[in-house]
Structures are given as C-alpha cells and as structure tokens.
Amino acid sequence: MLRGHPRPGERVLVEAAAGGVGTLLVQLAKAAGASVVAAAGGPAKTDVARRLGADETVDYREPGWSKEVAPVDVVFDGVGGGVAREAFGLVAEAGRMVSFGLASGEWASVPEDDAVQRGVALVRAGASQEEMRGFTRDVLADAARGKVRPVIGQRFPLRDAARAHAAIEARATVGKTLLEVR
C-alpha cells in the first residue's frame, strides 16, 4: 500500500479486487480518502468489492472494460498480463502503477519507455522481512480497530488442499481461502 501511497481525492484502480490482497487494498485505499475503482472477474466478485466500499466496479473479463473507467492516479496490479496492460492505459500523467501479483500467469510487461514518456512510476512490489512484519502489524492493528476486515471466502479441510489450490488456480475464489486443520 505504501508503495502506491493513495492520497485523499485520488482515483485508485484495484485489480483482482475480490481476492485476498485486493479486498484489503479496496478498504485501505478508501480509508486513505481515495475514490476506488474495483476491477474483478464477474458480477459476484464486483459485488464483493462494492460491499467493501468500492465507488465503482468493472468486470475486466468484458472486452473493452477500460473504456468504462476514467483516468486513475494509482493502479494496484494483482493480475498482470493483458488486464494490467489495459489498466496501464488508464494511469494519468505522473501516476503510479504497483505490480504485486500475476494471477494471469505473467507480469504486465509495460514498456519502461512508455511509462517514462507519460511520467508514470512503475513499481514492482517488494519488501524486506522487516518491512513485511511492519505491514502485517499495521494491517492487523487496522483490523482490530475495525478499519479493515479480512474476507474469508471459502474453507477446505486440509485433506482437500488439492481442491483448494485448484479453485484458486481457476480463479473461482473470493477473499482468502483457508485450509482447516482439525
């Protein structure tokens, strides 16, 4: 979240907005005072993001989805591939694009020259162990204060771990997927 640093009044696009990280980013960007555009795959997933506070939602599985979205200041890219490249086209001059995941199986592959020409900062998320511990402490404190709430979308018994992984790979999940040990 810090690497994209949404500010009050900015427009933020969160890809994979119904996923484990995306659901938290929607909430954190709203708490920072940003207007949030949630991009997710299908009506059920866009509904999840809307319930978490997204101001606008868009189904990135629909052709030309980006034409429905006005320019944004920040993109949190958790999908990569074609979705990310289309989202890059939405980033306003001097905006930021933070790539942290590749649910599509590939990074965004946005040409550095294109970003430089538009003054867009491309950030590949990465943090030290110490920074990750700090981020974890912060988000847990936010959850304890009720500022964010984790979304647990589905639970599987440990013996069904392969089925859980298959559901994640098929992008048929929302929020976090838990394996239960009894």
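Here, every reference points to the structure presented above.
A brief report on the enclosed structure follows. (Residues numbered from 1 in each chain as written. Predicted model: local features only at pLDDT ≥ 70, side-chain atom pairs only at ≥ 80, totals over all residues. Heavy atoms only, no water.)

## Some words on the overall build of the protein chain
Turning to step 1, where the next piece is worked out: The helix and strand tally for the protein chain stands at six helices and eight strands.
Turning to step 2, where the next piece is worked out: Listed by position from the N terminus, the elements making up the protein chain come as β-α-β-α-β-β-α-β-α-β-α-β-α-β.
Turning to step 3, where the next piece is worked out: Computed over its C-alpha atoms, the radius of gyration of the protein chain comes to 16 Å, within 12% of the 16 Å expected for a compact globule of 182 residues.
Turning to step 4, where the next piece is worked out: Counting only C-alpha atoms, the protein chain reaches 55 × 35 × 30 Å along its principal axes.
Turning to step 5, where the next piece is worked out: A total of 182 residues make up the protein chain; the buried ones form 41% of that total. (Helix = DSSP H or I, 4+ residues; strand = E, 2+ residues; numbered from the N terminus. Rg over C-alpha atoms; globule rule 2.2 N^0.38 Å. Buried < 20%, exposed > 50% of the residue type's maximum accessible area, 1.4 Å probe, protein only.)

## A few points about helix H2 (residues 43-51)
Turning to step 1, where the next piece is worked out: Within the sequence span of H2, burial applies to Lys45, Thr46, Val48 and Ala49. Projected down its long axis, H2 carries its buried residues within an arc of 150°, all on one side. Residues of H2 that are exposed and angled more than 90 degrees away from the buried face: Pro43, Ala44 and Arg51.
Turning to step 2, where the next piece is worked out: Along its buried surface, H2 packs onto helix H1 (20-31), strand E2 (35-40) and strand E3 (56-59). (Arc of directions from axis to C-beta. Contact = heavy atoms within 4.5 Å.)

## Some points on unusual backbone geometry
Turning to step 1, where the next piece is worked out: Positive phi, normally seen in glycine, also occurs at Ala16, with a value near 50°.
Turning to step 2, where the next piece is worked out: Along the chain, the position of Ala16 falls in the loop between strand E1 (11-15) and H1.

## With respect to the layout of surface pockets
Turning to step 1, where the next piece is worked out: The calculated volume of the second largest pocket comes to roughly 540 Å³.
Turning to step 2, where the next piece is worked out: Lining the second largest pocket are 24 residues, and of these Ala16, Gly19, Gly20, Ala103 and Thr173 sit closest to its centre.
Turning to step 3, where the next piece is worked out: Counting only elements with at least two residues in the lining of the second largest pocket, the list comes to H1 and strand E8 (176-180).
Turning to step 4, where the next piece is worked out: Among the residues forming the lining of the second largest pocket, the class breakdown is 10 nonpolar, nine polar and five charged. (1 Å grid on protein atoms, 1.4 Å probe; cavity = no way out; pocket = protein on both sides within 12 Å on 5 of 7 lines; lining within 4 Å. Points joined across faces, edges and corners; volume = space filled by probe spheres on them. Nonpolar A, V, L, I, M, F, W, Y, C, P; charged D, E, K, R; others polar.)

## Comments concerning the environment of Glu62
Turning to step 1, where the next piece is worked out: Residue placement: Glu62 occurs in the loop between E3 and strand E4 (72-77).
Turning to step 2, where the next piece is worked out: Using a relative accessible area of 43% as the deciding quantity, one classes Glu62 as partly exposed.
Turning to step 3, where the next piece is worked out: It is 8.5 Å that separates the C-alpha atoms of Glu62 and Gly41, two residues lying 21 residues apart in sequence.

## Structural notes on the pattern of salt bridges
Turning to step 1, where the next piece is worked out: The final tally for this structure, using the stated rule, is 12 salt bridges.
Turning to step 2, where the next piece is worked out: For the salt bridge of Arg145 with Asp142, the shortest nitrogen-to-oxygen distance reads 2.4 Å.
Turning to step 3, where the next piece is worked out: The class of Arg145 is exposed, set by a relative accessible area of 57%.
Turning to step 4, where the next piece is worked out: Judged by its relative accessible area of 9%, Asp142 falls in the buried class.
Turning to step 5, where the next piece is worked out: We note a salt bridge from Arg182 to Glu180, for which the minimum N-O separation is 2.8 Å.
Turning to step 6, where the next piece is worked out: Arg182 gets classed as exposed once you look at its relative accessible area, which sits at 86%.
Turning to step 7, where the next piece is worked out: What emerges from the salt-bridge pattern is a single network uniting Arg7, Glu10 and Arg96. (Salt bridge = Lys/Arg side-chain N within 4 Å of Asp/Glu carboxyl O.)

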